[in-house]
Amino acid sequence: MIRSVVHGCGAYLPQRVVTNDELARKVDTSDEWIRQRTGIRQRHIAAEGEFTSHLALKASERALAHAGLKASDLDLIVLATATPDETFPATATRVQSALGMTNGAAFDIQAVCAGFVYGISIADSMLKNGLASTALVIGAETFSRILDWTDRATCVLFGDGAGAVVLKAEEGKGLPADRGVLANALHSDGRQHDILYVDGGPSSTRTTGLLRMEGKEVFKHAVVNMTAVVAEVLEKTGLGPGDLDWLVPHQANKRIIDGTGRKLGLSSDQVVVTVDKHANTSAASIPLALDTAVKDGRIKKGNLVLLEGIGGGLAWGASLIRW
Ligand code: UT7
């Protein structure tokens, strides 16, 4: 049985750090409110002329170096983003040409904050079906470009960044002890459009639009759906929460992250948290958190790692990986 085995990861954050106090000078908010309600202390913001593809490229180069591979070894790039450089072509093709990769295919997917988990699932399916052998899965965003900087209820929550992992198709025994992606679960519910969306687009308004969110409503769905999808993905493998080494959740709000960890019976030091430093970077948040915990030595080969995320759509999902 083919397994999609992780060979490396990488991440990149724009240089500029914006603190809560800096935002409090622009909108009616405070460091205390932001920290208490979300756990966020700061976020990175892309420079003028620095695009999603630039962040994605740097994260990808680092992931390839970590994997000990070259761009010519790749035959698939799946880039999850809701903030592409252009309406078309796919930002993934920008990364493809900048890396110098000429084999196979590169395309974008759009599942907002669940994008990275969707990307892992799609790449895993393609590797298992023989459509590719070595894949780069990227989550990259410049949400600063679609924020309404006069809306304190949303502009304090998000940041820019990128993360990537390299997956290689390898023969496994089909056991939970195998390294690689063990199971995925994906869901969406289009009825929830109005609680998190961007009020523009090429076909509707011919503008890019700005992010609109009813935070409290999204919060309620996040807690319920995360608990359900985590149980679903574990059930697929016969493993239980007690087998988990690490939870690497989408980084939207420390309170949601803590709630999910508690429900799984995990201790707080098994839950990777980067929302304090990165804020919510949408599709980039999970690979940014993964890279942090791999590079600081927490996540090790053979560890059981659970990824989960939810965002606009609503769209949500989870992936279980033996690192
Ligand atoms: O990544 C996609 C998934 N997104 C999420 O998971 C986000 C989920 N939602 C959340 O994380 C939280 O709902 C928020 C952090 C967005 C908001 O926290 P909350 O505890 O739900 O606060 P709230 O929206 O109910 O607002 C409470 C109060 C309101 O004032 P009143 O009506 O009680 O007087 C808001 O106007 O806080 C006010 N408020 C602020 N005050 C200071 C809202 N934003 C701010 C702000 N600074 N930035």
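For the structure itself, consult the block above.
Residues numbered from 1 in each chain as written. Predicted model: local features only at pLDDT ≥ 70, side-chain atom pairs only at ≥ 80, totals over all residues. Heavy atoms only, no water.

## Observations regarding the site of the ligand
As a matter of local geometry, the ligand sits amid 24 residues, with T29, R152, K216, N253 and N280 nearest to it. Note that an oxygen atom of the ligand is positioned 2.9 Å from one of the side-chain N or O atoms of H250. A distance of 3.1 Å is found between an oxygen atom of the ligand and a side-chain nitrogen or oxygen belonging to R255. In isolation the ligand offers 950 Å² of accessible surface; the protein chains occlude 74% of this area. Sorting the residues of the shell around the ligand by element identifies α2 (31-38), α6 (152-155), α7 (215-235), α8 (254-263) and β12 (304-311) as the ones contributing at least two each. Here the element with the most residues in the shell around the ligand is α7; it accounts for four residues. Looking at the shell around the ligand, its residues break down into twelve nonpolar, seven polar and five charged. Here the shell around the ligand spans two domains, since at least three of its residues come from each of domain 1 (2-171) and domain 2 (180-322). (Near = heavy atom within 4 Å. Polar contact = N/O pair within 3.5 Å; in protein donor to acceptor, adjacent residues only side chain to side chain. Areas by Shrake-Rupley, 256 points an atom, 1.4 Å probe, with all protein chains shown as cover. Helix = DSSP H or I, 4+ residues; strand = E, 2+ residues; numbered from the N terminus. Nonpolar A, V, L, I, M, F, W, Y, C, P; charged D, E, K, R; others polar. Domains from an automatic or database assignment.)

## Comments concerning the pattern of salt bridges
All told, the structure shown has 14 salt bridges when counted by the stated rule. Its salt-bridge partner being D148, residue R212 comes within 2.9 Å of it at the nearest N-O pair. A residue pair is termed long-range when its members are at least 10 positions apart, and R212 in strand β10 (residues 211-213) and D148 in the loop between β6 (134-142) and α6 qualify at 64 residues. You can call R212 partly exposed: its relative accessible area is 23%. In this structure, the salt-bridge partner of D258 is K254, at a minimum N-O distance of 3.0 Å. Of this pair, D258 and K254 both sit in helix α8, four residues apart, which is roughly one turn of the helix. Classification of D258 as partly exposed rests on a relative accessible area of 29%. (Salt bridge = Lys/Arg side-chain N within 4 Å of Asp/Glu carboxyl O. Buried < 20%, exposed > 50% of the residue type's maximum accessible area, 1.4 Å probe, protein only.)

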